[in-house]
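The lines below spell out each chain.
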Amino acid sequence: MNKPYFLSENVVLRLLETPSVYHVKRDELYELNEEAFSFLETCRQAEGCTTDDKEFLDYCLSEGILTDIRQRPVKYTVRPSPVPSLRYLELLITDQCNLHCRHCYIGEPTRQELSLHEITSVLGEFEEMQGLRVLISGGEPLMHSESE
Ligand code: SF4
């Protein structure tokens, strides 16, 4: 019997315009056909997955999509994204900053910021929409009044 393989904890499956697997650490998106996507879904399960398709398996192993080491379960829901998909989000959480760059695009800070509730709500929506990557920015995000 073939030994089991597991979906790496560094990747997530996404149903974007095309079924995909996203490598979070490398910010790389791989588009898949339905068969490959279904196969990788089985690799999320605790018992792992096996295949006789050595070429595909070797590719997934070399790209860090699959591993032969049992992974910590990562909880997320795979559902179809809106079309067009929203993949990247830059969230400006405050206009406060401790620097005074001449080229600043913010202008004079007016002490505007998103509340913690607004931030968590937007992040939740982004996750629901199958988003890939969030950039938290400002101003200086660490000057947000609730950053401690
Ligand atoms: S917000 Fe950015 S560009 Fe503006 S002063 Fe701060 S670090 Fe400089």
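Residues numbered from 1 in each chain as written. Predicted model: local features only at pLDDT ≥ 70, side-chain atom pairs only at ≥ 80, totals over all residues. Heavy atoms only, no water.

A. Highlighting the site of the ligand. Around the ligand, a shell composed of Cys97, Leu99, Cys101, Cys104, Ile106 and Gly139 is seen. A majority-of-atoms criterion places the ligand in the largest pocket. (Near = heavy atom within 4 Å. 1 Å grid on protein atoms, 1.4 Å probe; cavity = no way out; pocket = protein on both sides within 12 Å on 5 of 7 lines; lining within 4 Å. Sits in = over half its atoms within 2 Å of the grid points.)

B. The state of the cysteines, seen in detail. This model, assessed by the stated rule, comprises 1 disulfide. There is a disulfide in this structure between Cys43 and Cys49, and the S-S distance comes to 2.0 Å. The S-S bond linking Cys43 to Cys49 shows a torsion near 95 degrees; that makes this disulfide right-handed. Neither Cys43 nor Cys49 differs from the other in exposure class; each is buried. (Disulfide = S-S within 2.5 Å. Buried < 20%, exposed > 50% of the residue type's maximum accessible area, 1.4 Å probe, protein only.)

C. The arrangement of the domain arrangement of the protein in detail. Once the domains are mapped, the protein shows domain 1 (6–67) and domain 2 (88–143). Taken over C-alpha atoms, the centre of domain 1 sits 32 Å from the centre of domain 2. Contacts between the two partners involve 9 residues from domain 1, matched on the other side by 6 residues from domain 2. Of the roughly 610 Å² buried at the junction of domain 1 and domain 2 (both faces included), carbon and sulfur atoms supply 43%. Applying the counting criterion to the domain 1 and domain 2 interface returns 2 salt bridges. Here Arg14 ties to Glu127 by a salt bridge, and the two come within 3.5 Å at their closest N and O atoms. (Domains from an automatic or database assignment. Contact = heavy atoms within 4.5 Å. Buried area = accessible area lost by both parts, 1.4 Å probe. Salt bridge = Lys/Arg side-chain N within 4 Å of Asp/Glu carboxyl O.)

D. The layout of surface pockets, seen in detail. Considered as a void within the structure, the largest pocket measures approximately 310 Å³ in volume. Looking at the largest pocket, it is lined by 15 residues, and the ones nearest its centre are Cys97, Leu99, His100, Cys101 and Cys104. Along the lines of polarity and charge, the residues of the lining of the largest pocket split into 7 nonpolar, 5 polar and 3 charged. (Points joined across faces, edges and corners; volume = space filled by probe spheres on them. Nonpolar A, V, L, I, M, F, W, Y, C, P; charged D, E, K, R; others polar.)

E. Region of the structure containing unusual backbone geometry. Put simply, Val83 and Pro84 share a cis peptide bond, and its omega is 0 degrees. With an omega of 20 degrees, the peptide bond between Gly138 and Gly139 qualifies as cis. Among the structural elements, Gly139 can be located in the segment after β7 (133–137). If you check the backbone angles, Arg111 has positive phi at about 60 degrees while not being a glycine. If you check the backbone angles, Gln130 has positive phi at about 70 degrees while not being a glycine. Here Gln130 is to be found in the loop between α3 (116–128) and β7. (Helix = DSSP H or I, 4+ residues; strand = E, 2+ residues; numbered from the N terminus.)

F. A look at the pattern of salt bridges. Counted by the stated rule, this structure contains 9 salt bridges. Asp68 is the partner of Lys3 in a salt bridge, and the nearest nitrogen-oxygen pair spans 3.0 Å. Placement of the pair is Lys3 in the segment before β1 (6–7) and Asp68 in the loop between β5 (66–67) and β6 (88–92), with a sequence separation of 65 residues. For Lys3, a relative accessible area of 44% gives the class partly exposed. With a relative accessible area of 40%, Asp68 lands in the partly exposed category. Sharing partners across several salt bridges, the network here consists of Arg26, Glu28 and Glu63.

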